[in-house]
Amino acid sequence: MTSTPRNTVLHASERIAREHTVPVIELFAYLQLLDLLTTLAGLRLGAQEVSPFIRMTMQFGAGVGLVISKLLAFGLAGLCLWLRRERVISWINYWYAALVIWNLWVLLRLPTSG
């Protein structure tokens, strides 16, 4: 009976973890972009930001405030990766997917001019 060297098993588990992590991070980045764009569109069309934290960062301007919030989001995602808590990013993706749907719903409900 042959045994598999321990480092081969570790390499395989690291490869599987990496294969799972990349799509999670790509989805995270995509959802951040969608949130940024739908929020900017909503603000431009007259919607109001609901989040007190985002409103506070927007005192420097809507775009600057949103970029600050996205930098913070990516920083926290990086911390999750560093701590090997990729699962947390998966759960955060659900939150941002719901947030983008909310933003789209708000955009569709804004009154049209004309």
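A brief structural summary. Note that this is a predicted model, so its numbers are computed, not measured.

Glancing now at the overall build of the chain. Along the chain, the regular secondary structure elements total 4 helices and 0 strands. Each helix and strand of the chain, ordered N terminal to C terminal, gives the series α-α-α-α. A buried classification covers 26% of the 114 residues belonging to the chain. Of the accessible surface of the chain, which amounts to about 8600 Å², a share of 68% is contributed by carbon and sulfur atoms.

A few words on the pattern of salt bridges. Where charged atoms from two side chains of opposite charge approach closely, those side chains can pair. Going through the model one piece at a time under the given rule, you end up with 1 salt bridge. Measuring nitrogen to oxygen at the nearest pair gives 2.5 Å for the salt bridge that ties Lys70 to Asp35. One end of the pair, Lys70, is in helix α3 (residues 62-82); the other, Asp35, is in helix α1 (residues 6-44), and 35 residues separate them in sequence. Just as Lys70 is buried, Asp35 falls in that class too.

Our next topic: a nonpolar patch on the surface. Residues Phe53, Met56, Leu72, Leu76, Leu79, Trp82 and Leu83 make up a contiguous nonpolar surface patch of roughly 740 Å² in combined accessible area. Elements represented by at least two residues in the nonpolar patch include exactly α2 (52-57) and α3. The leading source of residues in the nonpolar patch is α3, at 4 residues. Its place among the elements puts Leu83 in the loop between α3 and α4 (86-109).

Here we take up the side chain of Asn93. Secondary-structure assignment places Asn93 in helix α4. Residues in contact with Asn93, not counting those within four places in the same chain, are Val24, Leu27, Phe28 and Leu31.

Our next topic: the packing of α3 against α4. Viewed as axis vectors pointing N to C, α3 and α4 meet at an angle of 150°, and their least axial separation amounts to 7 Å. Between α3 and α4, the angle is such that the two are roughly antiparallel. For the pair α3 and α4, the crossing hand works out as left-handed. The segment α3 lies against α4, with Lys70, Ala73, Ala77, Cys80 and Leu81 engaging Glu86, Val88, Ile89 and Tyr96. Across the contact of α3 with α4, the residue classes break down as 7 nonpolar, no polar and 2 charged.

On to the environment of Phe53, then. Within the secondary structure, Phe53 sits in helix α2. Linking Phe53 and Ser69, residues 16 residues apart in sequence, is a C-alpha distance of 8.5 Å. When residues no more than four places from it in sequence are discounted, the contact partners of Phe53 are Ser69 and Leu72.

What counts, and where the lines are drawn
Residues numbered from 1 in each chain as written. Predicted model: local features only at pLDDT ≥ 70, side-chain atom pairs only at ≥ 80, totals over all residues. Heavy atoms only, no water. Helix = DSSP H or I, 4+ residues; strand = E, 2+ residues; numbered from the N terminus. Buried < 20%, exposed > 50% of the residue type's maximum accessible area, 1.4 Å probe, protein only. Areas by Shrake-Rupley, 256 points an atom, 1.4 Å probe, with all protein chains shown as cover. Salt bridge = Lys/Arg side-chain N within 4 Å of Asp/Glu carboxyl O. Patch = residues over 30% accessible without salt bridge, like charges linked within 9 Å, V, L, I, M, F, W, Y side chains within 5 Å. Contact = heavy atoms within 4.5 Å. Axes fitted to C-alpha atoms, helices over the stretch in contact; angles between N-to-C directions. Parallel < 35°, antiparallel > 145°, perpendicular 65-115°, else oblique. Left-handed = near helix turned anticlockwise from the far one by under 90°. Nonpolar A, V, L, I, M, F, W, Y, C, P; charged D, E, K, R; others polar.

Remember that the coordinates give geometry; whether it matters functionally is a separate question.
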